[in-house]
Every structure is written in C-alpha cells, then in structure tokens.
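Notes for the structure review
Read off the chains here:
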Amino acid sequence: MATSLKTSSNFCSTQQNRWMQSRDLILHSSSHSNVKQCKSKKIKRPASLCVKATSSKVELDFNDPSWKQKFQEDWEKRFNLPSITDIYDLKPRPTTFSLKKNRTRTGDENVDMWNGYVNNDDRALLKVIKYSSPTSAGAECIDPDCSWVEQWVHRAGPRKEIYYEPEEVKAAIVTCGGLCPGLNDVIRQIVFTLETYGVKNIVGIPFGYRGFFEKGLKEMPLSRRLVENINLNGGSFLGVSRGGAKTSEIVDNIQARRIDMLFVLGGNGTHAGANAIHEECRKRKLKVSVVAVPKTIDNDILLMDKTFGFDTAVEEAQRAINSAYIEARSAYHGIGLVKLMGRSSGFIAMHASLSSGQVDVCLIPEVPFTLDGELGVLGHLEHLLKTKGFCVVCVAEAAGQDLLQKSGATDASGNVILSDIGVHMQQKIKTHFKDIGVPADVKYIDPTYMVRACRANASDAILCTVLGQNAVHGAFAGFSGITSCICNTHYVYLPITEVIKAPKRVNPNSRMWHRCLTSTGQPDFH
C-alpha cells in the first residue's frame, strides 16, 4: 500500500478532507483556507499541510534543506528497472531488431546511422503540472509548499544492445484475470515483434496461470500466420482464468519448459503474481525476463495514464447510458438506471457519464452518498422528475457498498465479491416513489460483461500495439519485473513493485471529477 504521510509532533495536525496520491506518498490536505502557525517554522501555512513525509525507503523532513535531493535519490532507487544483469555478468550483443531493411535509401544515406533506438539513459517526466498551491484543484503535492520536484521514469522502446540470442529464446505469453478488449491485439503484437527479432519458439499458455499446472492444458505454438487476424475478435485467443498455483510451482514449470521470456497480460492481481514469479526466478538465479502488460477496463493501476481496454469499455458503456436515456425520455416519469463495472474505482462510470452527456447522477465508490433523507439521491430524483420529467443515473458497481449487507465472499483471485448496488437502487427507487404516490417507470440496464467482451476500438488498438511491442523490447533489453505502460502521454517502463501498492482511484478533488459534476449538475449527497 502507498505509505501515508506521518504527522510529526513538531508539526500541525492534518484535516483529512481529501487525499492526494503522489507516487509512493499520499498527502492528506485541506481544501479549506484556515491557516495556523506552524510550531517548527514561524511562517503561515495551511494547518493541514504542516506535515512530515515518509516514503518506502527514506523519511523526509521538509525542514531539511536537502530533502529534495533525498527524495530524488530514493526515487531513482525505487524506479530503477530490475534486470537479469543484476544476477548475471552478461555482455550485450548488437540488436537484431532493425527497420532499416524496410526503409528506402536516398542514395547518400549511411545505413549505419539509423536513429531508431532508445538510449538507456532516456527518461520521461511522470508529471508535468507545477501546482502553485496545495489548494489547487487536483493538486498532487509532496511537501507543504507544493515544491516542484522532477520525477523521471525510464523511456520504453528498442535498445541498440540486447541480452538474448533470439534463435535460442523460448518466449511465452499468458493472459490472466477477466476478459478485456485488446487482449488479442497485444498477443498479436508480441508475436510480431518477437519474430522481427528472430525468435522462432513462441508459445501461448492457455487459461491464465492455470495453464502452468493444470493437467491436460498444453502450451500453444504461436506464429505470425496463426495470430494475424485474432485482433478482429474480442476475448482472449489463449483463454483466461483467475487464481493459480503456488509461485514456486509456476516457476518449476517455467524452468521445466525452458522459458526465457514470459509476457503476462493482466490487472493488479496479475501484476502481483508476475512480480512474485520474477522474484522467485531471481532467487533461483534463472535467466528469465518477466514483463507485464497492464490490462483492466477499470483503469485502476497506479501511475499510468490508462490501461488498455478502458477506452473501449467507456465507449460501450456510453451506448448503455444512451439506451437508458432513450427509455427514460420516452416514458412518463422515466428513470434510467445503469450499473457499470469498477471494482475499486469509478473511472468507467465517470468517463462514460462525461462522454454521453445524458447522465443526471453519477455515483462512484470514491465519493460517499446517501439514498434517503433531505440530501439523499432519492430526494434529488424527485426534484428531477418535477423539473424535467425524467432522469438518468449511472452507478459504479463498487459505489454505496456501505449501504449494503456484505457477503464476505471472495473470487478465485481473492477479490471481494461485491453486493449488487444496481439491483438495490432499482428496488429502493421503485419503493420510494410508490410510497410517496408518484408514478415512476424505472428501466435498469446492466451491461457488465458486454463492455469487456468486445473488440478493441481504434484508440485501444493503437495502445495495445505499442504496449505489446515495448514489452518485447524491454525483455530483450534484459529487464524483468517491469510493466510496459503509458505515463504522461509517453511510453515507459515501470517496476511492477511501484504499481501494485494500491489500486488507483478517482481523486474527488480532481478536475475530471469536477467536470463530471458540472456535466451532471448533481449536488452533494451526504
């Protein structure tokens, strides 16, 4: 989990009105303008920002003039990419990846001067906004003064030197967790790029991590010819499953199959599993590169702009919302209710509500709400029926769980099985309007599996293509225990350990949530 900022006895207490996630640090700050004198420094600052911070490896005292240097040194250590060269004394060889053969020469062009490679020292900035105040909307601050601190991450792409002989490599691909638009696009591009390097032995592991230990599940040989058109369909060409065997058993299987590169497609839980496999391989001193590709329609993996499948899920969810709008608009006192996926975050609900422009109420797990009472959702629905005659409500599946009885059950991946907020709200709305004698025609739509079983749209297809290619480039560069992703519009590699500390969640103080509220016009419901 991300480490919270600790309050020192020499500092003022914090008001936890909102949280702001900043890499490994979470800063609890106040949106109020109250100011208190800090005991340690005779200056005025917001009371809630007189804090002392800790990161995973170093404690930061903001009164120390060298705190920025300490923060950046710690950052460099945390975001340094694990490599097989950490355990093996390997000499690199010139890469076999080149697009020069596909380029048209102009005559005087030196073919040896092709600048198509990424330097190992290339970096990309994780964040580019300099907030002048912690009270700025969506501010992500490290210290009380919101000081600018550069936070660099490793740029993704092909390197001039590689650490594997392509002819000797056996590469495996596995897709885990639930379905997601774009899985086949990533599989396809990984195979294409591996073959461009010269890899001949490429296999798919069927049905997630289960394919490593379930008897009767055999690895599937893959080639360009076999996967060429799989991107035209949704689902996973290799199949998916949740859960798996012990890490040691999976690595035993990897070792027995003589796998050199393992490409793992999945979300938070799958990334945690990939990191465990990576650590076990290092423990055994195996020359195996484990590279993950972030897959989740929930878009809830830390530090990334987005994960593949999210854009497509939002597009499909928007269609469900538009259907609910038509149903509600066409009925007398019509109420359209749509439940969307989002196990721990409300990104799909928020973005689908924004894109459709038809939603009157958007409910997400990050923002508490009540159904009953003067400030409740039901009272607002009454107001909407009186003023416009109909309304549309969009709710994320994890929203309002505090209003429901918890089952306590978990799925094969260890995720808590959520109570059904959609059905609960449908019943509450019907009962409420019946009790007050107002007719209401409720239409409930749950497109849960429809939004994830479809083919990737154009935006996701491009993202999948680049992430898949970069995963292969990262493996040949010798990296392991990394994920191929997009941060601040640039394609980068991140250590898996930094993205699995906690799920990414919607910041209720972010501009995007504010934009959603502006679009819906909804009040606070608590």
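Owing to the predicted nature of the structure, the values given are computational and were not obtained by experimental measurement.

The rules behind these values
- In every chain, residue numbers begin from 1 and rise along the written sequence.
- Local features in this predicted model are restricted to residues whose pLDDT is 70 or higher, and side-chain atom pairs enter the listing and the counts only when it is 80 or higher, whereas totals over whole chains, interfaces and linings include all residues.
- Calculated side-chain values reflect all of the structure's heavy atoms, with hydrogen atoms and water omitted.
- Within this scheme, the nonpolar core is defined by two criteria: the residues are buried Ala, Val, Leu, Ile, Met, Phe, Trp, Tyr or Cys, and they are joined through side-chain atoms within 4.5 Å.
- Each residue is placed in one exposure class: buried if its accessible area under a 1.4 Å probe, protein chains only, is under 20% of its type's maximum, exposed if it is over 50%, and partly exposed if it falls in between.
- For this analysis, residues touch if any pair of their heavy atoms sits within 4.5 Å.
- In this description a helix means any DSSP run of H or I spanning at least four residues, a strand means any run of E spanning at least two, and both kinds are numbered starting from the N terminus.
- Classification remark: right-handed applies to a crossover when, strands pointing away from the viewer, the course from the first strand over the helix to the second runs clockwise.
- Two strands qualify as a pair provided that DSSP identifies no fewer than 2 bridges between them.
- UniProt positions are given in the numbering used here, feature names are shortened, and annotations may be inferred rather than shown by experiment.
- In what follows, salt bridge is the name for a side-chain nitrogen of Lys or Arg lying within 4 Å of a carboxyl oxygen of Asp or Glu.
- Stacked, tilted and edge-to-face pairs are distinguished by plane angle, under 30 degrees for stacked and over 60 for edge-to-face with tilted covering the rest, among Phe, Tyr and Trp rings (Trp via its six-membered ring) whose centres lie within 6.5 Å.
- Charge over a ring is defined by NZ of Lys or CZ of Arg lying within 6 Å of the ring centre and within 35 degrees of the ring normal.
- What pLDDT reports is the predictor's confidence in each residue, on a scale of 0 through 100.
- What counts as a disulfide here is a pair of cysteine sulfur atoms lying within 2.5 Å.

**Let's talk about the nonpolar core**
Counting residues in each nonpolar core, the largest one holds 70 residues, and the members touching the most others are I173, L194, M261, F263, F308 and F476. The contact partners of F263, leaving out residues within four places of it in the chain, are A171, A172, I173, V174, I190, L194, V291, A471, V472 and A475. Counting residues in hydrophobic clusters, the runner-up holds 22 residues, among them L337, V377, M425 and F525.

**Structural notes on the environment of R343**
In this fold, R343 is placed in the loop between strand 17 (334-340) and helix 7 (347-356). Judged by relative accessible area, R343 falls into the partly exposed class, the value being 31%. Along the primary structure R343 and A396 are separated by 53 residues, whereas in three dimensions their C-alpha atoms are 8.0 Å apart. Residues within four places of R343 in sequence aside, it is in contact with R242, D298, E397, A398, N415 and L418.

**Section: the pairing of strand 16 (residues 289-294)**
Counting buried residues along strand 16, six of its six residues qualify, which places the element largely inside the surrounding structure. Here strand 16 shows two buried faces, one formed by S289, V291 and V293 and the other by V290, A292 and P294. Remark: the strand 15 (residues 261-266)/helix 5 (residues 268-283)/strand 16 crossover connection has right-handed handedness. Pairing between strand 16 and strand 21 (residues 482-487): two bridges, direction parallel. Paired with A292 across the bridge in strand 21 is T483.

**As for the environment of E165**
By secondary structure assignment, the location of E165 is in the loop between strand 11 (161-162) and strand 12 (170-175). E165 sits 72 residues away from R93 along the chain, and the two C-alpha atoms are 8.2 Å apart.

**Overview of the UniProt feature "binding site: ATP" (unreviewed entry) in the chain**
In the UniProt entry, the feature "binding site: ATP" (unreviewed entry) is given for G178, R242, G243, G267, N268, G269 and T270. For the residues just named, distributed over 93 residues, the greatest C-alpha separation is only 12.5 Å, placing them together at one site. Looking at the element boundaries, G269 is found in helix 5. Looking at where T270 falls in the secondary structure, it is placed in helix 5.

**So, the pattern of salt bridges**
Evaluated as defined, the whole model comprises 21 salt bridges. The partner of R284 in a salt bridge is E280, with the nearest N and O atoms 2.9 Å apart. The structure contains a network of salt bridges with shared partners spanning D74, R78, E498 and K501.

**Thoughts on the packing of aromatic side chains**
Taken as a whole and judged by the stated rule, the model has eight aromatic pairs. By the ring-pair criterion, three or more aromatic residues cluster together here, those being F97, Y164, Y197 and F476. Residue placement shows R224 over the ring face of F192; its charged tip is 3.9 Å from the ring centre.

**Considerations on the confidence of the model for the chain**
Low pLDDT means the predicted atomic positions in that stretch should not be read closely. Overall, the prediction assigns the chain a mean pLDDT of 87, with 86% of residues at 70 or greater. Residue range residues 1-56 is modelled with pLDDT below 50. Its contacts to residues more than four positions away, or to other chains, number 149 contacts.

**Considering the state of the cysteines**
Tallied over the full model, the rule gives one disulfide. Disulfide pairing is shown between C141 and C146; the S-S distance is 1.8 Å. Given an S-S torsion of about -45°, the disulfide between C141 and C146 has left-handed geometry. Assigned by exposure class, C141 and C146 land together as buried. The thiol of C362 is unpaired, and the distance to the nearest cysteine sulfur, on C516, comes to 4.1 Å. C362 sits in the buried class, given a relative accessible area of 1%.

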